[in-house]
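Summary of structural features
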Amino acid sequence: MKKLVQGILLASAAITISVPASSEEVLNVSTAGSENMVEYITDYLGPLFEAQNPGVKVRAVGTGPGDAGSHKIFEKLDAQANAGNETWDIDVAIVHQKMAGDMADAGLLSKYRGDISTGEMITRDTAKMALGVNVDGYVMPMFHSQTALAYNPDIIANPPSSFDELRQFTAENPGVFGYNGIKNGMSGLAFVVGWIYAYGDNPDKIANGPYDPSMKDQWGTVLSDLKEFNENVTFTPGNAGTLDMLNRGEIAMGPVWVDMFYTWQADGRVNPAIKLNLIEPGLPGQPMYYIVPKKAAHGDLARKFIELATSPAVQAEGIVKRFNWYPGIDAEHVQPELSTEDWDKLFVDVTPQNLAERGKPFPIAPYFDDIKEAYEEQVAN
């Protein structure tokens, strides 16, 4: 009998111990992108949210880099919608621009930006349009990545401030400017897009639509000028290759991703003297978006999570200081949370005003495809 009582007590204790785990609320976060996107949630943002919300566990899953990673999230949500599931097992997702637009078009997203306090802290067009698709209210930018021209001021004391000045500079200084064309990295492709925006007709239409297949027929002179420009440039092997060649002095200027540039510079892989310049009329960049699926099992908790993730303090510490990304919300809200040193590192060369005026979106998908095809046919050959 004594053993029986002991057994019952032990069983009761076991049940008591298991209660917190069974009552734990799990917030499921799926993120596209590289492994560092998952690590940002598991190592920083997730524990921070859990500390502020006892009884909540944040579970992060990565779906892989690029649009392919975002597409896996789309496929999963679409399958659950088609199956008629009452709730879906993704509460928060982090996706690229194109898939955010596709998900909004497919009716897979909740309109939530107006429900969170930080929703008023973003005024950039990227919070409203995603490659020509209206996503206003359905997204909050996690961060903005941006391309700019890196240059060595010891060699180029007065860098070009526009595409026109850059053309003149390369004609007078052949081989000093380098980029990777449209192969092996988006920094070169971003430069080509910037060229089309600078010299093609109706850049707003290219960025936002609607699509007109005849527009590419108007780029003949624009692309022949780019081909002539390329005769005076040095071609690099890719995003990393451009930075390597800048560091070795093989080129003195070229387009780079700002976050990658600063990370390499902090790691001692890029000459600390090298600076950035965002030339007129601008170069493209892109955000990653926080989204809430339409039938998220924990929609209210998801909104609370994104509100924390886009708060000035978290944007300063997590986005700017840890990853050298431009914040998702407007920079003016983040500045008070940063030291002068941290602010100057990210915003002295390219100011918030420069970013607002010259930070461009990438084109809508069909124009983007047209630009790449036209470059191969008329410039690369």
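About the cut-offs
- Residues numbered from 1 in each chain as written.
- Predicted model: local features only at pLDDT ≥ 70, side-chain atom pairs only at ≥ 80, totals over all residues.
- Heavy atoms only, no water.
- Helix = DSSP H or I, 4+ residues; strand = E, 2+ residues; numbered from the N terminus.
- Buried < 20%, exposed > 50% of the residue type's maximum accessible area, 1.4 Å probe, protein only.
- Contact = heavy atoms within 4.5 Å.
- Salt bridge = Lys/Arg side-chain N within 4 Å of Asp/Glu carboxyl O.
- Pairing = 2+ DSSP bridges.
- Axes fitted to C-alpha atoms, helices over the stretch in contact; angles between N-to-C directions.
- Parallel < 35°, antiparallel > 145°, perpendicular 65-115°, else oblique.
- Left-handed = near helix turned anticlockwise from the far one by under 90°.
- Nonpolar A, V, L, I, M, F, W, Y, C, P; charged D, E, K, R; others polar.
- Phe/Tyr/Trp six-rings, centres within 6.5 Å; stacked < 30°, edge-to-face > 60°.
- Lys NZ or Arg CZ within 6 Å of the ring centre and 35° of its normal.
- pLDDT = per-residue confidence, 0-100.
- Right-handed = clockwise from strand over helix to strand, strands pointing away.

What to know about the environment of Ile329
Mapping Ile329 onto the fold places it in the loop between strand 12 (326–327) and helix 13 (331–334). Judged by relative accessible area, which is 2%, Ile329 ranks as buried. The sequence separation of Ile329 and Leu108 amounts to 221 residues, and the corresponding C-alpha distance is 24 Å. Residues contacting Ile329, with those up to four places away along its chain left out, are Thr118, Met121, Ile122, Met140, Thr310, Ser311, Pro312, Gln315 and Val334.

Digging into the environment of Leu189
Residue position: Leu189 is located in helix 6 (residues 186–199). Residues Leu189 and Pro255, spaced 66 residues apart in sequence, show a C-alpha to C-alpha distance of 9.4 Å. Beyond its immediate sequence surroundings of up to four residues, Leu189 is in contact with Gly181, Ile182, Phe368 and Lys372.

Describing the pattern of salt bridges
Pairing between side chains of opposite charge can happen when their charged atoms approach one another. Summed over the entire model, instances satisfying the criterion amount to 15 salt bridges. Here Asp136 makes a salt bridge to Arg113, at a shortest N to O gap of 2.9 Å. Residue Asp136 is located in the loop between strand 5 (133–134) and strand 6 (140–151), and its partner Arg113 is located in the loop between helix 4 (97–105) and strand 4 (129–130); the two are separated by 23 residues in the primary sequence. On the basis of relative accessible area, Arg113 is assigned to the buried category, the value being 12%. Ionic pairing is found between Glu250 and Arg248, a salt bridge with its closest N-O pair at 2.5 Å. Here the salt bridges do not stand alone but share partners, grouping Glu317, Lys321, Arg322 and Asp342 into one network.

Focus on helix 4
Taken residue by residue, helix 4 has Gln97, Met99, Ala100, Gly101, Met103 and Ala104 as its buried positions. In this structure, the buried residues of helix 4 make contact with helix 3 (66–82), strand 3 (92–95), strand 4, strand 5 and strand 11 (283–291). Looking one or two residues beyond helix 4, the residue adopting positive phi is Gly107, at roughly 70 degrees.

A few points about the pairing of strand 3
On a regular strand, each side chain points to the face opposite its neighbour's, so the side chains alternate between the two faces of the sheet. With burial as the criterion, each face of strand 3 is covered, one bearing Val92 and Ile94 and the other bearing Ala93 and Val95. Looking at chain direction, strand 1 (residues 25–32) and strand 3 are connected through three bridges and run parallel. Bridging from a neighbouring strand, Thr31 pairs with Ile94 of strand 3. Alignment of strand 3 against strand 11, held across three bridges, turns out to be antiparallel. The partner of Ile94 across the bridge, within strand 11, is Tyr290.

Quick word on the packing of helix 6 against helix 8 (residues 220–230)
Contact pair helix 6 / helix 8: the axes reach a minimum separation of 10 Å and the direction vectors enclose 130 degrees. When the interaxial angle is binned, helix 6 and helix 8 end up oblique. The handedness of the crossing between helix 6 and helix 8 comes out as right-handed. Packed against helix 6, whose contacting residues are Phe191, Val192, Trp195, Ile196 and Tyr199, the element helix 8 presents Val222, Leu223, Asp225, Leu226 and Phe229 at the interface. For the contact of helix 6 with helix 8, the per-class residue count stands at nine nonpolar, no polar and one charged.

Re the packing of aromatic side chains
Inspection of the entire model under this criterion finds 23 aromatic pairs. These aromatic residues form a ring-pair network of at least three members: Phe163, Phe177, Tyr179, Phe191, Trp195, Tyr199, Phe229 and Phe235. Between Arg167 and the ring centre of Tyr199, over which it is positioned, the NZ or CZ distance is 4.8 Å.

Considerations on the confidence of the model for the protein chain
Across the protein chain, the average pLDDT comes to 91, with 94% of residues at 70 or higher. Considering only residues more than four positions removed or in separate chains, one finds that residues 1–21, a stretch of pLDDT under 50, has zero contacts.

Comments concerning the pairing of strand 2 (residues 56–64)
Of the pairings in the sheet, the one linking strand 1 to strand 2 comprises eight bridges and is parallel in character. Within the sheet, the bridge partner assigned to Val29 lies in strand 2 and is Ala60. The β-α-β motif built from strand 1, the intervening helix 2 (residues 35–52) and the parallel element strand 2 has right-handed crossover chirality.

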